[in-house]
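Understanding the architecture of this molecule
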Amino acid sequence: MTARSSNSAFIEVRKLSKHFGDFVAVDAVSLKIERGELFSILGGSGCGKTTLLRMLAGFETPTSGQVFLDGVDITNQPPYERPVNMMFQSYAVFPHMTVEQNVAYGLKKERLPKEETASRVREMLSLVKLDDFGARKPNQLSGGQRQRVALARALVKKPKVLLLDEPLAALDKKLREHTQFELMNIQDELGITFVVVTHDQEEAMILSNRIAVMEKGRFEQIGTPKEVYEFPRNRFVADFIGTINTFDGVVQNSGDGIVTVASDECGQSLRALCDKPPKNGSDVCIAVRPEKIFISQYKPDNHEDACLEGVVEDLGYFGNLSLYRIRLATGKVVQVSSQNRRRSIERSFDWDDNVYISWRPRSALVLEP
Amino acid sequence: MKGNSRFVISVLAFGYAFLYLPLLSVIVYSFNDSQLATVWGGFSMRWYGELFKNSQIIDALMLSLKVAVSAATMATLFGTMAGVALSRFGRFRGRNLFTGMITSPMVMPEVITGLSLLLLFVSLQQLTGWPSQRGYGTITIAHTTFAMAYVAVIVQSRLAAMDESLEEAAMDLGGRPFRVMIDITLPLIAPAMLAGWLLAFTLSLDDLVIASFVSGPGGSTLPMLIFSKVKLGVTPDINALATLIMLFVSAGVVLAWAIGRRMQKA
Amino acid sequence: MSRQTGHSDTTWQRIAIALPYLWLLIFFLAPFAIILKISFADPVIAMPPFTPTFGDDGALQITLDNYAFLFTDKLYAVTYLKSVLMAASATALCLLLGFPIAYGIARAEPETRNILLLLIVLPFWISFLLRVYAWMGLLNNYGVINNLLMWAGVTDQPLAMMYTDFAIYIGLVYSYLPFMILPLYATLERMDLDLVEAAQDLGATSTVAFWNITWPLARPGVIAGCLLVFIPATGEYVIPYLLGGPESLLIGRVLFDEFFTNRDWPLASAVAIVLIFLVVIPIVLLQRNQARATENAA
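Okay, so let's go over this structure. Predicted model, so just to flag it, every value in this text is computed and none were measured. Positions within a chain are numbered from 1, following the residues in the order the chain's sequence is written. Going through the entries in the order they are written, you letter the chains from A and number the ligands from 1. Local features are withheld for residues below a pLDDT of 70 in this predicted model, meaning they are given only at 70 or higher, and side-chain atom pairs are given and counted only at 80 or more; totals for whole chains, interfaces and linings count all residues. Excluding hydrogens and water, the side-chain values take into account all heavy atoms of the structure.

This paragraph deals with the overall build of chain C. The number of helices and strands found in chain C is 12 helices and zero strands. Ordered by position from the N terminus, the helices and strands of chain C form the series α-α-α-α-α-α-α-α-α-α-α-α. For the radius of gyration, the atoms used are the C-alpha atoms, and the globule rule reads 2.2 Å times the number of residues raised to 0.38. What you see for chain C is a C-alpha radius of gyration of 25 Å, clearly larger than the 19 Å of a compact globule of 298 residues, by over 25%. By its C-alpha atoms, chain C is 80 × 75 × 35 Å across when sized along the principal axes. The buried share of chain C, taken over its 298 residues, is 51%. When checking whether two residues touch, look at their non-hydrogen atoms; a contact exists if any pair is within 4.5 Å. Nonlocal contacts in chain C, meaning residues at least 24 apart in sequence, comprise 68% of its contacts between residues at least 6 apart. The method behind every accessible area is Shrake-Rupley, applied with a 1.4 Å probe, and residues are considered shielded solely by the protein chains displayed. With the model as given, the accessible surface of chain C reaches about 14,000 Å², and the carbon-plus-sulfur share is 66%. For chain C, the centre of its 14 positive side-chain charges and the centre of its 21 negative side-chain charges are spaced 6 Å apart. In this text, helices come from DSSP runs of H or I with a minimum length of four residues, and strands from runs of E with a minimum of two, each type numbered from the N-terminal end. Categorising residues by exposure relies on relative accessible area from a 1.4 Å probe, with only protein chains included: less than 20% of the type maximum marks a residue as buried, more than 50% marks it as exposed, and the intermediate range marks it as partly exposed. When charges are counted, neither His nor the chain ends are considered; positive counts come from Lys and Arg and negative counts from Asp and Glu. In this description, the location of a charge corresponds to atom NZ of lysine, CZ of arginine, CG of aspartate or CD of glutamate.

Next up, the structure:
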């Protein structure tokens, strides 16, 4: 209890590990989260994100490492003593209690006076727009309403941190979009630090101030949504968040922050901007997001840009945008997406059309292979 | 009955007839006036009257009920503890032995359970003087031992189906483990405990073999009394008794079923 | 997922473990030690009617006579074998009758299904003894069935059904049928009907679909049901006593008689020990292996 956190970070996770037998669920991760942040831990199933969250809540005892909250070491505090609350993936709304009793449960454990409990419960139910539902039992509520009961029940305790385990996974698409913004508004209003665990990259991008991308018990990258999307640190992150085209190649030349890479996969050299250019002759991979690629019928005359020729192999119409799969002469298939700006019944491009695809050097990334 | 072939439907019909016709014949013959159980001598209620005058039967019934209520209650208490311990307390020393002992009474032939418990009681009496006589106490202990296994299994399967995050949520909201057990776990497994109690009660009322071993002179349960009578053949007053028991049990089961259904719908 | 074992208030947890644990140690495990002990003693005419494990001079006095007797006297071997065979046949009959019934219930409309299920469970709550007793009235020489047959002119002599092996089979199947149907129903009900339809869609006849899809998927239920019928049927006492003839010596009845009629406690104990080690334990182990195999396959 006496050990203090080294600096001002609100939550600090220091070299935290959790082993289940031989399996390493969380592998010595470190993390700092600021007060008032909405922080997401993003990863596929089995990456260790839920175990990490459960260690923050106190349900799992770490194998090694420490957790500090507001400067206090809470590593060995049981969940019922931590000033942290959690919203469970299943919502875990107590089925034998009314909505009011559910929300009041945590306050009763704090032995607050009855009047204060009642008024805080009322306040919280109104915040989540369930004013008239206090006397209902959970089985009389919809999924979205149950989710709000779980949220109110956790928030009414005024926790320092709210942990949310896949908060939106159980909701249908429309409701999910609506709830995303509601969650953000509530977080804004109360100023409570949120830590969200999710497998849904879109959800993480929309909700969070910062994202930690997790894989095999480790963080691959921590950064703002823009950083992890536009400047992924490695191929895993680039692949996991959104779609990306990659071309393997060898560095031919680097200087002035520009790298030239010879790639057999596209049959020519590609140029990309890079702050820390790798050595000549090293294996790298050039990565470009589909929406950064232009598609045209004629060869563009800008020689700075990378430009490849190919044939439309597949196309998909999504209303707001169209997706193309372009097959290059080398056999490599490149994904391109383009906004449907004009309203037209005819397609801009059709199957088997010969097209040119191009992108600016600064749109491309240089990643380790 | 979509998707059921004619074959399946005829087996169903045969099966239910097989299950219920024998019971029906007992009911019909309980209203037989004749002293000879197998010869129809006209409709009569006389055997029901005789039944209530028979103090032996009333005494045996009272003993059986007393044993069943006590044994079911103790079995529910211990069985719930065991079920909760096995599904919620993680690993503890001696867990494997515990699991084995909990499930074994269910697969043990009754003659063996009965014999082993009697030998225990005899040895205990030699060593400590207790139990000085066998009857209500020893039968209750024996029934508790084998019925708690059933309660434990019911409670365990209810807990396995229950979302563990309910208990975690309560702990997260500030409930200490013991409070969580009282506030959340017990109310949610209460239906399973009730089902376990009813099962234990029925098993106890039903048991003949184990009670025959561990009971002493004078302590006859209802099945023991019935057995001593039917050993000699079919008797009309047992027909009447059987009819009454079937009536009570069916009414109880149907009522419980109807209540259960209404609760599910609400 | 480990629980909060490291935290302070676990006293109540220890109590919740200790109470049932102690109870079972005293009233379940200890009795077996005693049976084992007595099975090595000599019978004497005294109370209790067996020699102590340690003589007056403190010397260990154990004897294998009881076991030697069990294994040399052909009567016992035959009795064990007959009990196991009868229980196995009764189990097979229960399966044969119970499977279509469970299948029919599982495939019925939900409303009908509930009522059908209730009707299967209902006899279970009614006294076992009385259900066996009901057959005494039916199978008797002057019982309902013979009266009917003679009235219909099928036979003019009553058929001897009571006090035969046939009556024991009837009693066993009748009493244990619900134990077979319920686990079967539980697995069949959970089974996805689409699987069978998919098999038929891929060209299987309904018979082939049954053997390829339904039967293998129902196996856990079949095993559970057979176990629930076979073990109690092996040690059954009431049914052979009430419905079987005096020559129908099944092991449960032999044990009962050795104990109560012959007052040979050591021999009865040895009979029980052999029954446990030859029948109960092998079957439980077999079932555990099967369950593990099914788990691994899933």
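So, about the sheet that holds strand S14 (residues 283-288) of chain A. Note on sheets: strands pair through backbone hydrogen bonds, and any given pair is parallel or antiparallel. All names here are of chain A. Strands pair, by our definition, only if DSSP identifies at least two bridges between them. Strand order in the open sheet made by the five strands is S13-S12-S11-S14-S20, with antiparallel pairing throughout. Each end of this open sheet is capped by a strand with a single partner; those strands are strand S13 (268-273) and strand S20 (365-367). In this sheet, neighbouring strand axes are inclined to one another by 45° on average, regardless of whether the strands run parallel or antiparallel. Judged from the six bridges that link them, strand S12 (residues 258-263) and S13 form a sheet pairing that is antiparallel. For Val-261, the partnering residue across the bridge sits in S13 and is Leu-270. Angles run from 0 to 180 degrees between N-to-C directions of axes, and those axes are lines fitted to C-alpha atoms, restricted for helices to the stretch in contact.

All names here are of chain A. Of all six residues in strand S8 (residues 193-198), six are buried, a share of seventy percent or more. Of the two faces of S8, the one holding Thr-193, Val-195 and Val-197 and the one holding Phe-194, Val-196 and Thr-198 are both buried throughout. Here five bridges tie strand S3 (residues 38-42) to S8, and the two strands are oriented parallel to one another. Residue pairing in the sheet places Leu-38 in a bridge with Phe-194 of S8.

To continue, consider the sheet that holds strand S7 (residues 161-165) of chain A. All names here are of chain A. Taken in spatial order, the six strands line up as S6-S7-S8-S3-S9-S10 in an open sheet, and their pairing is mixed. Only two strands of the sheet have a single partner each, and these edge strands are strand S6 (84-87) and strand S10 (218-223). Going across the sheet, the axis of each strand differs from the next one's by a mean of 20°, ignoring polarity. Against the sheet, helix H4 (residues 143-155) contacts S6, S7 and S8, and its axis sits at roughly 175° relative to S6.

Attention shifts here to the state of the cysteines. All names here are of chain C. Any two cysteine sulfur atoms lying within 2.5 Å of each other are counted as a disulfide. Using the criterion set out here, one finds zero disulfides over all chains in the structure. With no disulfide of its own, Cys-226 lies closest to Cys-94 among cysteine sulfurs, the gap being 8.8 Å. Judged by its relative accessible area of 22%, Cys-226 is partly exposed.

This next bit is on the interface of chain B and chain A. Interfaces are often sized by the amount of accessible area the parts lose when they come together. Taken together, the contact pairs 20 residues of chain B with 24 residues of chain A. We define buried area as the total accessible area lost by two parts upon association, computed with a 1.4 Å probe and summed across both. Carbon and sulfur atoms make up 60% of the area that chain B and chain A hide from each other, which totals about 1,800 Å². In terms of surface lost to chain A, no three residues of chain B exceed Glu-168, Asp-172 and Leu-173 of chain B, which account for 37% of the buried area on that side. Salt bridge, as used here: a side-chain nitrogen of Lys or Arg that lies within 4 Å of a carboxyl oxygen of Asp or Glu. Across the chain B-chain A interface, the total number found is three salt bridges. Across the pair Lys-109 of chain A and Asp-183 of chain B runs a salt bridge, and its minimum N-O distance is 2.7 Å. By the criterion applied in these results, polar contacts are pairs of N or O atoms within 3.5 Å in which, for protein atoms, one can donate a hydrogen and the other can accept it, and in which residues neighboring in sequence qualify only through two side-chain atoms. Between the two partners, chain B and chain A, sit 11 residue pairs in polar contact (both at pLDDT 80 or more). Listing elements by their share of the side of chain B that touches chain A, those giving two or more residues are helix H7 (164-172) and helix H8 (177-206) of chain B.

Let's shift gears to the interface of chain B and chain C. The interface is formed by 89 residues belonging to chain B together with 89 residues belonging to chain C. In total, about 8,400 Å² of surface goes out of reach between chain B and chain C, with carbon and sulfur atoms giving 79% of it. Of all residues in chain B, Phe-18, Phe-89 and Met-101 of chain B give up the largest surface area on contact with chain C, accounting jointly for 8% of the area buried on that side. The interface formed by chain B and chain C includes one salt bridge. Residue Arg-261 of chain B pairs with Glu-111 of chain C through a salt bridge whose shortest N-O separation is 3.4 Å.

Residue and element names in this part refer to chain B. On the surface, Leu-21, Leu-24, Val-28, Trp-40, Phe-43 and Met-45 cluster together into a nonpolar patch covering about 650 Å² of accessible area. Tracing the backbone through its elements, the reader meets Trp-40 in the loop between helix H1 (6-30) and helix H2 (46-53). On the basis of relative accessible area, Trp-40 is assigned to the partly exposed category, the value being 45%. Here the term patch refers to residues with relative accessible area over 30% and no salt bridge, with like charges joined within 9 Å and nonpolar side chains (Val, Leu, Ile, Met, Phe, Trp, Tyr) within 5 Å.

Residues and elements named next belong to chain A. Taken as a whole and assessed by the stated rule, the structure comprises 28 salt bridges over all chains. Lys-292 is the salt-bridge partner of Glu-230, the closest N and O atoms lying 3.2 Å from each other. Placement of Glu-230 in helix H7 (residues 225-230) and of Lys-292 in the loop between S14 and strand S15 (294-296) is noted, with a sequence separation of 62 residues between them. Residue classification places Glu-230 among the partly exposed residues on the basis of a relative accessible area of 26%. Note that Glu-313 is salt-bridged to Arg-327, the shortest N-O span being 2.5 Å. One end of the pair, Glu-313, is in strand S16 (residues 306-317); the other, Arg-327, is in strand S17 (residues 321-328), and 14 residues separate them in sequence. You can call Glu-313 partly exposed: its relative accessible area is 29%.

Close contact between helix H5 (residues 110-128) of chain B and helix H11 (residues 251-260) of chain C brings their axes to 10 Å; oriented N to C, the two are set at 25°. Taken together, H5 of chain B and H11 of chain C sit at an angle that is classed as roughly parallel. Residue-level contacts link Val-111, Ile-112, Leu-115, Leu-118 and Leu-119 of chain B of H5 of chain B to Gly-252, Leu-255, Phe-256 and Phe-259 of chain C of H11 of chain C. Angular relationships are summarised with four words: roughly parallel below 35 degrees, roughly antiparallel beyond 145, roughly perpendicular across 65 to 115, and oblique for the angles in between.

Bringing the environment of Ala-106 of chain C into the picture now. Residue and element names in this part refer to chain C. Mapped onto the elements of the fold, Ala-106 is located in helix H3 (residues 74-107). You can call Ala-106 buried: its relative accessible area is 6%. Sequence-distant contacts of Ala-106, defined by excluding residues within four places in its chain, comprise Arg-113, Tyr-185, Leu-188 and Glu-189.

Turning our eyes to something else, we now look at the packing of aromatic side chains. Aromatic contacts are taken between Phe, Tyr and Trp rings whose centres are within 6.5 Å, Trp giving its six-membered ring; a plane angle under 30 degrees counts as stacked, one over 60 as edge-to-face, and the others as tilted. Tallied over the full model, the rule gives 41 aromatic pairs over all chains. Aromatic side chains Phe-94 of chain A and Tyr-105 of chain A sit 5.3 Å apart centroid to centroid with 70° between the ring planes, which places their arrangement in the edge-to-face category. One end of the pair, Phe-94 of chain A, is in the loop between S6 and helix H2 (99-109); the other, Tyr-105 of chain A, is in helix H2, with 11 residues separating them in the sequence. Site record: aromatic cluster; members linked through ring pairs are Phe-213 and Phe-227 of chain B together with Phe-50, Tyr-237, Tyr-241, Phe-256, Phe-259, Phe-260 and Trp-265 of chain C. Criterion for a charge above a ring: Lys NZ or Arg CZ within 6 Å of the ring centre, and within 35 degrees of the ring normal. The residue whose ring lies beneath Arg-153 of chain A is Phe-94 of chain A, and the NZ or CZ to ring-centre distance is 4.5 Å. Lying over the aromatic face of Tyr-103 of chain C, Arg-107 of chain C brings its terminal NZ or CZ to 5.2 Å of the ring centre.

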